[in-house]
Amino acid sequence: MTRMAATRDGYGQALLDLADNPKVVVLEADLGKSTKSLHFRKAHPERTVSCGIGEQNMLLVGAGMAASGYIPFASTFAIFTERAFEQMRNGVARPNLAVHLCGSHGGTHTGTDGSSAQSIEDLAVFRTLPNVTVLHPCDDVSTRILTTRLAGTKSPSYMRTARNKTPVLYDDIDPDSIQIGKGIELKDGNDVAIIACGVLVSESLKAADMLMQEGINASVIDMHTLKPLDGQLVDQMVERCGAIVTAEDHNVIGGLGSAVAEHLVANKFAPLEMVGVPDRFGESGQADEMLDVMKLSAKYIVEAAKKAISRK
Amino acid sequence: MSKSIADLEEIARKCRVEIVKMVHRAQAGHPGGSLSEIDLITALYATRMRIRPEQPDWDDRDRFILSKGHASPGMYAVLAEMGFISHEDLKSYRVLGGVCQGHVDMKWCPGVDFSAGSLGMGLSFGMGCATAARLDSSERRAFVMIGDGEMQEGSVWEAAMAAAHHELGNLKVILDRNRIQNDDFCEEQMRMFDIPAKWKAFGWNVKEINGHDMTEVMEGLDFLEAPENCNGPSILIAHTIKGAGISYMENNPSFHGAAPNDEQFHQAMVELGEVEA
Ligand SMILES: Cc1ncc(C[n+]2csc(CCOP(=O)(O)OP(=O)(O)O)c2C)c(N)n1
Ligand SMILES: [Mg+2]
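Reading the values: rules and limits
Residues numbered from 1 in each chain as written. Chains lettered and ligands numbered in written order. Predicted model: local features only at pLDDT ≥ 70, side-chain atom pairs only at ≥ 80, totals over all residues. Heavy atoms only, no water. Helix = DSSP H or I, 4+ residues; strand = E, 2+ residues; numbered from the N terminus. Rg over C-alpha atoms; globule rule 2.2 N^0.38 Å. Contact = heavy atoms within 4.5 Å. Areas by Shrake-Rupley, 256 points an atom, 1.4 Å probe, with all protein chains shown as cover. Lys, Arg positive; Asp, Glu negative; His and termini not counted. Charge placed at Lys NZ, Arg CZ, Asp CG, Glu CD. Domains from an automatic or database assignment. Buried area = accessible area lost by both parts, 1.4 Å probe. Salt bridge = Lys/Arg side-chain N within 4 Å of Asp/Glu carboxyl O. Polar contact = N/O pair within 3.5 Å; in protein donor to acceptor, adjacent residues only side chain to side chain. Nonpolar A, V, L, I, M, F, W, Y, C, P; charged D, E, K, R; others polar. Near = heavy atom within 4 Å. Donors = N, O, S within 2.8 Å, 3.2 Å for Na, K, Ca; no water. Buried < 20%, exposed > 50% of the residue type's maximum accessible area, 1.4 Å probe, protein only. Core = buried A, V, L, I, M, F, W, Y, C linked by side-chain atoms within 4.5 Å. pLDDT = per-residue confidence, 0-100. Axes fitted to C-alpha atoms, helices over the stretch in contact; angles between N-to-C directions. Parallel < 35°, antiparallel > 145°, perpendicular 65-115°, else oblique. Pairing = 2+ DSSP bridges.

Visitor: Whenever I open this one, the overall build of chain B confuses me. Can you help?
Guide: The helix and strand tally for chain B stands at nine helices and five strands. In terms of overall dimensions, chain B is globule-like: its C-alpha atoms have a radius of gyration of 17 Å, near the 19 Å expected for 277 residues. For chain B, the proportion of contacts with a sequence separation of at least 24, taken over those separated by at least 6, is 74%. When the accessible surface of chain B is split by element, carbon and sulfur atoms take 50% of a total near 10600 Å². Looking at chain B, you have 26 positive and 42 negative side-chain charges, and the mean spots of the two groups are 3 Å apart.

Visitor: Honestly, the domain arrangement of chain A in this entry has me stumped. Any pointers?
Guide: The extent of an interface is frequently quoted as the accessible surface area lost upon association of the parts. Residue and element names in this part refer to chain A. Splitting chain A by domain gives domain 1 (4-167) and domain 2 (184-310). The distance between the C-alpha centroids of domain 1 and domain 2 comes to 25 Å. Counting residues at the interface gives 31 residues for domain 1, matched by 33 residues for domain 2. Taken together, both faces of the contact between domain 1 and domain 2 bury some 2400 Å²; the carbon and sulfur share is 59%. Counting across the interface, domain 1 meets domain 2 through one salt bridge. One salt bridge in this structure joins glutamate 262 and arginine 127, with 2.9 Å as the shortest N-O distance. Remark: the boundary between domain 1 and domain 2 carries 18 residue pairs in polar contact (both at pLDDT 80 or more). The residue inventory of the side of domain 1 that touches domain 2, partitioned by class, reads 13 nonpolar, 13 polar and five charged.

Visitor: Is there a simple way to think about the site of ligand 1 in this case?
Guide: Near ligand 1 you find 24 residues, and of these Glu55(A), Lys68(B), His70(B), Asp148(B) and Lys242(B) are the closest. Within the backbone of Gly149(B), a nitrogen or oxygen atom sits 2.8 Å from an oxygen atom of ligand 1. In this structure, Asn178(B) approaches ligand 1 through a side-chain N or O atom, which is 2.9 Å from an oxygen atom. For ligand 1, whose unbound accessible area comes to 600 Å², protein coverage reaches 98%.

Visitor: What should I look at first to understand the coordination of the magnesium ion (ligand 2) in this one?
Guide: Angles at a metal have ideal values that depend on geometry: 109.5 degrees with four tetrahedral donors, 90 or 180 degrees with six octahedral donors. Residue and element names in this part refer to chain B. Taken together, the protein donors to the magnesium ion (ligand 2) comprise Asp148 (OD), Asn178 (OD1) and Ile180 (O), at separations of 2.1 to 2.2 Å. Expressed as a motif, the donor residue spacing for the magnesium ion (ligand 2) is D-x29-N-x1-I. Of the two residues, aspartate 148 is situated in the loop between strand 2 (142-147) and helix 5 (154-165) and isoleucine 180 in the loop between strand 3 (171-177) and helix 6 (186-189); the sequence distance between them amounts to 32 residues. Just as aspartate 148 is buried, isoleucine 180 falls in that class too.

Visitor: Any chance you could explain the environment of Tyr158(A) here in plain terms?
Guide: All names here are of chain A. Turning to its location among the elements, tyrosine 158 is positioned in strand 7 (residues 157-160). In sequence terms tyrosine 158 and valine 132 are 26 residues apart; their C-alpha atoms lie 6.9 Å from each other. Discounting residues that sit within four places of it in the chain, tyrosine 158 has contacts with Ala78, Thr81, Leu101, Gly103, Asp122, Leu123, Phe126, Val132, Thr133, Val134 and Leu135.

Visitor: Explain the nonpolar core to me, please; I cannot follow it from the model alone.
Guide: In terms of nonpolar packing, the biggest core is built from 85 residues, with Tyr45(B), Phe64(B), Leu171(B), Trp199(B) and Trp204(B) touching the most fellow members. Core analysis: the next-biggest nonpolar cluster, separate from the first, contains 52 residues, Phe73(A), Val201(A), Ala207(A) and Val245(A) among them.

Visitor: When you look at the confidence of the model for chain B in this model, what are you seeing that I'm missing?
Guide: One rule of thumb: low pLDDT means the predicted coordinates there are not for detailed reading. Looking at chain B as a whole, its pLDDT mean stands at 98, while 100% of the residues score no less than 70. Interface predicted TM-score (ipTM) for the complex: 0.96; the corresponding pTM is 0.97.

Visitor: Help me understand the interface of chain B and chain A, please; the structure alone is not making it clear to me.
Guide: Contact with chain B, which involves 30 residues of that partner, is made by 25 residues of chain A. In total, about 2100 Å² of surface goes out of reach between chain B and chain A, with carbon and sulfur atoms giving 39% of it. Connecting chain B to chain A are three salt bridges. One salt bridge in this structure joins Asp113(A) and Arg94(B), with 2.8 Å as the shortest N-O distance. There are 19 residue pairs in polar contact (both at pLDDT 80 or more) connecting chain B and chain A. Of the residues in the side of chain B that touches chain A, the class split is nine nonpolar, 15 polar and six charged.

Visitor: Which parts of the structure should I look at to understand the packing of helix 1 (residues 5-26) of chain B against helix 9 (residues 262-271) of chain B?
Guide: To describe two helices that pack against each other, one gives the angle between their axes and the distance between the axes. Residue and element names in this part refer to chain B. At a minimum axis separation of 10 Å, helix 1 and helix 9 run at an interaxial angle of 170 degrees. With respect to their mutual orientation, helix 1 and helix 9 come out roughly antiparallel. Taken together, the residues of helix 9 that come into contact with helix 1 (itself represented by Val17, Val20, Lys21 and His24) are Asp262, Phe265, Ala268 and Met269. Split into classes, the residues belonging to the contact of helix 1 with helix 9 amount to five nonpolar, one polar and two charged.

Visitor: Can you walk me through the sheet that holds strand 2 of chain B in this structure?
Guide: What links the strands of a sheet is backbone hydrogen bonding, and the strands pair in either a parallel or an antiparallel sense. All names here are of chain B. A sheet is described by the order of its strands in space; here five strands give the open sequence 1-2-3-5-4, paired in parallel fashion. Each having just a single partner strand, strand 1 (63-66) and strand 4 (205-210) make up the two edges of the open sheet. Each strand of the sheet is rotated relative to its neighbour by a mean of 20 degrees, with strand direction disregarded. With four bridges connecting them, strand 1 and strand 2 associate as parallel partners. From the neighbouring strand, arginine 63 faces strand 2, where its bridge partner is alanine 142. Along the sheet, helix 8 (residues 214-225) contacts strand 2, strand 3, strand 4 and strand 5 (234-239); its crossing angle with strand 4, the most-contacted strand, is approximately 170 degrees.

Visitor: Any chance you could explain the sheet that holds strand 5 (residues 100-104) of chain A here in plain terms?
Guide: Residue and element names in this part refer to chain A. As summarised here, the arrangement of the seven strands in space is 3-2-4-5-7-6-12, forming an open sheet in which the pairing is mixed. One side of each edge strand has no neighbouring strand; the edge strands of this open sheet are strand 3 (48-50) and strand 12 (225-227). Direction aside, neighbouring strands of the sheet carry axes that sit 20 degrees apart on average. Bridge count for strand 6 (residues 133-135) against strand 12 is two bridges, and the pairing is antiparallel.

Visitor: What should I look at first to understand the pattern of salt bridges in this one?
Guide: Oppositely charged side chains can form a pair if their charged atoms are brought close together. Using the criterion set out here, one finds 32 salt bridges over all chains in the structure. With a shortest N-O distance of 2.7 Å, Glu185(A) and Arg240(A) are connected by a salt bridge. A residue pair is termed long-range when its members are at least 10 positions apart, and Glu185(A) in strand 9 (residues 184-187) and Arg240(A) in helix 10 (residues 231-241) qualify at 55 residues. The salt bridge partner of Glu203(A) is Lys206(A), with a shortest N-O separation of 2.8 Å. Separated by three residues within a single helix, Glu203(A) and Lys206(A) lie in helix 9 (residues 200-213), roughly one turn from each other. A single salt-bridge network, built from bridges that share partners, covers Arg48(B), Asp62(B), Arg141(B), Asp222(B) and Glu225(B).

Visitor: So what exactly am I meant to see when it comes to the side chain of Asp113(B) here?
Guide: Residues and elements named next belong to chain B. Tracing the backbone through its elements, the reader meets aspartate 113 in the loop between helix 3 (72-82) and helix 4 (122-135). Given the relative accessible area of 5%, aspartate 113 is considered buried. At a separation of 2.9 Å, a polar atom in the side chain of aspartate 113 contacts the side chain of arginine 61. There is a polar contact of 3.0 Å between the side chain of aspartate 113 and the backbone nitrogen of phenylalanine 64.

Here it is in structure tokens:
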């Protein structure tokens, strides 16, 4: 049986891994139980700053601490990071202060809380900020490794994690193969390349299996870093497969699909089909139901793959 | 205002039963803040709100904004009691396509005046409703329910300052002071010191009550409506108990956002007098 886990648990683990570094501090906005920073808070209350339900304050407290030599990890729900967008823009990104913002419960997959909690635009908005690295890992192992790597960077980041469990893909992986800015080829094929992030990576693997049964051999890429995008890998996929599908639990506007499209139009070109939230708000539903309602599940990725191939 | 205190208490009891049923059925949701607010919302809807359940979009209705929109089961139970939605609709709480979305949503549920869920937004929205009512020379009022944790959002204080500046006597806030937020007790997360003094300093009329004593609740609502308190915005600080009415939920931060299991559900029904022990 595949192990199932939520990426937010990988984040919580990573904070504990990082705790040996006395400069690492954790900032919370009354959602530590949910984003999983609570483990760090329990172990290191003296290095955990509760900001109450005040996301805007939290971001700038982080900026002040970063400017004073600390390495702040701040978290809340993905949707509420957006509340502090301008703080992130003017107070964090502009002065290039290494505050690491984590938004958990991202996407419609977050489920029955409904549309107010389902961020479908976080990746887009943070991608527009200069200096900011944008990550959306697909399992707890890679989330843990990438979070740990962030502590060594000198610029700010936004990382989306998910509330609900998905299949773990990297239990036996060599940690060196997971690097910020480097996509991971999970399956190699040459008919079409499916480039996915977050909870849709495992859906894409399912889609690749379904395609295989119809004689279509797809590559599957875990593009956990949306910015900087691994353009080299995209170019390789264009050359090898000649047709691309992107898949993300995020509005089709502005996220991974857009990042790949921006790259394609300026480089080697191939037809692109984007699987993403069809520019609408979500609603209450179970995680798996939401993937169908939003047309994100494996069968829609299969459809998109065929369409991309037909456009070659 | 033909309802007696005993009538109101009985409506609130029935609403408590529905709240627990909703979160138990969904195995998700927010019972704690629904149970702390329920006596207040019950009295407000049953005795004060100028509304027409058969015409939920009536222009001149009073507005009620549940700014702590996660405590939606409480509001849905009252809307069903008032006839905006049916008791059958309550079964759609957190179910795909349901009228009763996880957080109150004006696009999905008749009688809901604002789509909440992000804390710290309702008071500003209420100020907009109150300002529009004034421009329309309408008697309608905007009631806004906020949480104590919610009060930590800076935007609450932007709205508080602005509403007093504009002397919005038709804007009325009820604060559900249950002393607990998501992760823990407010005292641990973010101390708020002298809350009545803070609102007074922002230029508001302030009264404190016990939010579970129906007589005091009615006095509190009288205060909000009193002509002498319509010179500017007013706030009723209701001291409540998170999870009120269910022993194991009371004052227990774990039941901010967690559902009872089957055994706990049964116990709740016993405590609410719905079933025999
Ligand atoms: C802007 C924003 N940040 C965080 C949350 C997540 N959240 C939902 S409920 C809650 C605690 C609310 O506490 P309080 O206002 O006291 O409500 P109550 O105790 O009445 O349930 C938090 C932090 C949110 N909904 N909105
Ligand atoms: Mg509270």
